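# Commentary on secondary and tertiary structure
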Amino acid sequence: MTDIAPAPAPARARRWTRDTAIELVAAIALLLVAIAYLAMASQIELRREAAPGQMDARAWPTFLGISAVIVAGLLVLRTMLRGADPRDEIEPAQAGGLLRVGGTLGIALAYLALWSVGDIVLPGIRIALFPIATALAVAALLLLYGHRGWKGLVIYPIALAALNWVLFAMLLRIPL
C-alpha cells in the first residue's frame, strides 16, 4: 500500500466585501490625513534653530507624523492583503451617534478657530484665548457626551486648561 499525500487545499479566494471596501477607504483617508499632518509639521516656523543634539519645535510633530504615516500605510497594506475582519461582535450604532460625531467635529473646528485668533487686546489688557477656548471645548464635549454634574463641567475643564497653560506656555515656553 502506498501512501499518497493529500492534495493541498485550494487557495482561499479573497472576496472584496462591503466591509473590506469601507475599511480600505477609511485606511486610505487616514493615510492622506497623516501625510497632510506630516507636511504641515514640516512647515512649522522656527524662531531659532536648535543646537546639535537638541529638539526644536518641529521634532515632536514630525515624529508623530512619520509614525502616523507608517501605521496608516500598514493598515492600508493589511486591508488590501487580508480584507476586513469579521464584524460579528460589533454592536449596532446607537441612537444619536451621528449627532455626537457631528457635534464633536463642530466643537473641534470651533476650538481651532478660537485658538487661531490668538489673543484679544483690550485697552490695557491682553487676554489669551487658548485657556478660555480649551475650557469651553472640554465643557462642551462633556455636555455632548452626557456629563451633567456642575462640578465636573466647571472644575475639570478649568483644571485641564490651567494644566495645559502652565505646562506648555509657562514651563516649555511653547507659544500657544
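Residues numbered from 1 in each chain as written. Predicted model: local features only at pLDDT ≥ 70, side-chain atom pairs only at ≥ 80, totals over all residues. Heavy atoms only, no water.

Time to look at the pattern of salt bridges. For side chains of opposite charge, pairing can occur when their charged atoms come near one another. Taken as a whole and judged by the stated rule, the model has two salt bridges. The salt bridge partner of R78 is E23, with a shortest N-O separation of 3.3 Å. Placement of the pair is R78 in helix α2 (residues 59-82) and E23 in helix α1 (residues 18-41), with a sequence separation of 55 residues. Of the residues examined, E23 reaches a relative accessible area of 14% and is grouped as buried. Residues R126 and D119 are paired through a salt bridge, measuring 2.8 Å at the closest nitrogen-oxygen approach. Residue classification places D119 among the partly exposed positions, given a relative accessible area of 34%. (Salt bridge = Lys/Arg side-chain N within 4 Å of Asp/Glu carboxyl O. Helix = DSSP H or I, 4+ residues; strand = E, 2+ residues; numbered from the N terminus. Buried < 20%, exposed > 50% of the residue type's maximum accessible area, 1.4 Å probe, protein only.)

Moving on to the packing of aromatic side chains. Tallied over the entire structure, the rule returns four aromatic pairs. Between W60 and F63, the ring centres sit 5.2 Å apart and the planes meet at 25 degrees, which makes this aromatic pair stacked. Residue W60 and its partner F63 are located together in helix α2, separated by three residues, close to a single helical turn. Here the aromatic rings of Y111 and W115 are separated by 5.6 Å at their centres, their planes lie at 45 degrees, and the arrangement is tilted. Of this pair, Y111 and W115 both sit in helix α3 (residues 97-117), separated by four residues, roughly a single helical turn. With a relative accessible area of 19%, Y111 lands in the buried category. Given the relative accessible area of 31%, W115 is considered partly exposed. Three or more aromatic residues joined by ring pairs form one cluster here, namely Y111, W115, F130 and W165. (Phe/Tyr/Trp six-rings, centres within 6.5 Å; stacked < 30°, edge-to-face > 60°.)

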